[in-house]
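Structural overview for review
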Amino acid sequence: MSDTQARGQQAMLDSRRPFFYPDSSSDTEEYRRDSEERRKRLSRRNISNVRRPNMMSKTQSPNAPIPSTSSQEPKIDKKNPMGEDRITLVVDNTRFVVDPAQFTAHPNTMLGRMFSSGIDFTHTNERGEYEVAEGISATVFRAILEYYRGGTIRCPPTVSVQELREACDYLLVPFDANTVRCQNLRGLLHELSNEGARRQFETFLERLILPLMVESAQRGDRECHVVVLLDDDSVEWDEEYPPQMGDEYSQTVLSTPLYRFFKYIENRDVAKQVMKERGLKKIRLGVEGYPTYKEKVRKRPGGRAEVIYNYVQRPFIHMSWEKEEAKSRHVDFQCFKSKSVTNLAEATADPVIELEPVRAREEVDAPENPEEQPEEQ
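Described below are features of the structure shown in this document.

The rules we used
Residues numbered from 1 in each chain as written. Predicted model: local features only at pLDDT ≥ 70, side-chain atom pairs only at ≥ 80, totals over all residues. Heavy atoms only, no water. Helix = DSSP H or I, 4+ residues; strand = E, 2+ residues; numbered from the N terminus. Buried < 20%, exposed > 50% of the residue type's maximum accessible area, 1.4 Å probe, protein only. Contact = heavy atoms within 4.5 Å. Areas by Shrake-Rupley, 256 points an atom, 1.4 Å probe, with all protein chains shown as cover. Pairing = 2+ DSSP bridges. Expected span 1.5 Å × (residues − 1). Bend = angle between axes of the 7 residues up to and from the residue.

1. Description of the overall build of the protein chain
Of regular secondary structure, the protein chain possesses eleven helices and nine strands. Here the protein chain holds 377 residues, and 26% of them are scored as buried. Intrachain contacts of the protein chain at a sequence separation of at least 6 include 64% that bridge at least 24 residues. For the protein chain, the accessible area works out to roughly 29,000 Å², and carbon and sulfur atoms hold 49% of it.

2. Overview of the sheet that holds strand 1 (residues 87-91)
In space, the three strands of this open sheet follow the order 2-1-3, with mixed pairing throughout. Two strands close off the open sheet at either side, each with one partner strand: strand 2 (94-98) and strand 3 (130-131). Two elements, strand 1 and strand 2, share five bridges in a ladder whose sense is antiparallel. Across the sheet, T88 pairs through a bridge with V97, a residue of strand 2.

3. What to know about unusual backbone geometry
Positive phi is not limited to glycine here, since D92 has a value of about 55°. Examined against the element boundaries, D92 turns out to sit in the loop between strand 1 and strand 2. By relative accessible area, which is 47% here, D92 ends up partly exposed. Positioned with a positive phi, N93 is a non-glycine residue whose angle comes to about 60°. Secondary-structure assignment places N93 in the loop between strand 1 and strand 2. The exposure class of N93 is exposed, given its relative accessible area of 73%.

4. What to know about helix 7 (residues 185-218)
The end-to-end C-alpha distance of helix 7, which contains 34 residues, comes to 47 Å, matching closely the 50 Å that a straight helix rising 1.5 Å per residue would cover. Of all the bends in helix 7, the greatest reaches close to 45° and is centred on I209; the proline P211 follows between one and four positions later. All of the buried residues along helix 7 are G187, L188, E191, A197, F201, F204, L205, L208, I209, L212, M213 and S216. Just past helix 7, the residue G220 takes up positive phi, approximately 95°.

So, in structure tokens, the structure goes:
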């Protein structure tokens, strides 16, 4: 190594020695001043970094994202301006997260009444969820939720129209041609016909049939038999030779619309269901022959007259408002043989009917040849 290179390295070491190795007092003080200046510069830099997110510099782009801070205000959902939390409904072990405002917009439905009134109809489980619509499948409930969002219900292909109808009746959701869209038009029209038949028969019941039932009750009867005739049917019975009507006292109502209503068997089923819901008993609906006018009179041997009437087939309704009729409640205990049973299990058990031993006894008692039976003396 040459002398020039050795002197250059020594000069370099001498220039770095005050920073790495501060031995003298003057070198220490200079080191301290340099350290203080560095700390001040770092502190000013940290303060400027903290204040920079709240102030946009002139050179900063307006589209640049602003870093979030802990003091930033929470965002408010425009669809839920009150900041309310969504609720969770559990139906058929399936969870639906919905906005309660969708239900409160339809207060006439069951879910609308649950979440719009101040009364707590349901209670949450341990997870804070509402268990509703018991007995309704998740597929049907998902379809009904579309009514609260768009006002229409699309019947899924895997769901019958009757099942959807029963779910709508349970949840008090309107089921009509304006709210239901279905691929199965036969099933949809069948349910709409049932609903129309129910409303129509309730009108017939109040306006035409109930006055006849009241008239029968005022006579002391416990039942009523009504025959539905057409408006243009004429009934002319001979006072001297009336037709034989049996034990039942028939009443008639002239109504062509009611006659057409009972033309369909499905309408009869709907009418029977309505009368059951109104508390009536022993309901029978059908078609029978009803005499309208006298055709001729024939004389039988002995001078007795035979009247022939013209009969027409007309629907009838028979109902009663008593649980039992034509049954005597008097019991004569002398007709029964008393048997004391001390065993409680034997008293509650069903009686055992033994038929085979009886047959065997009859075969033994009966003679083989019936001609050889002994004569009674």
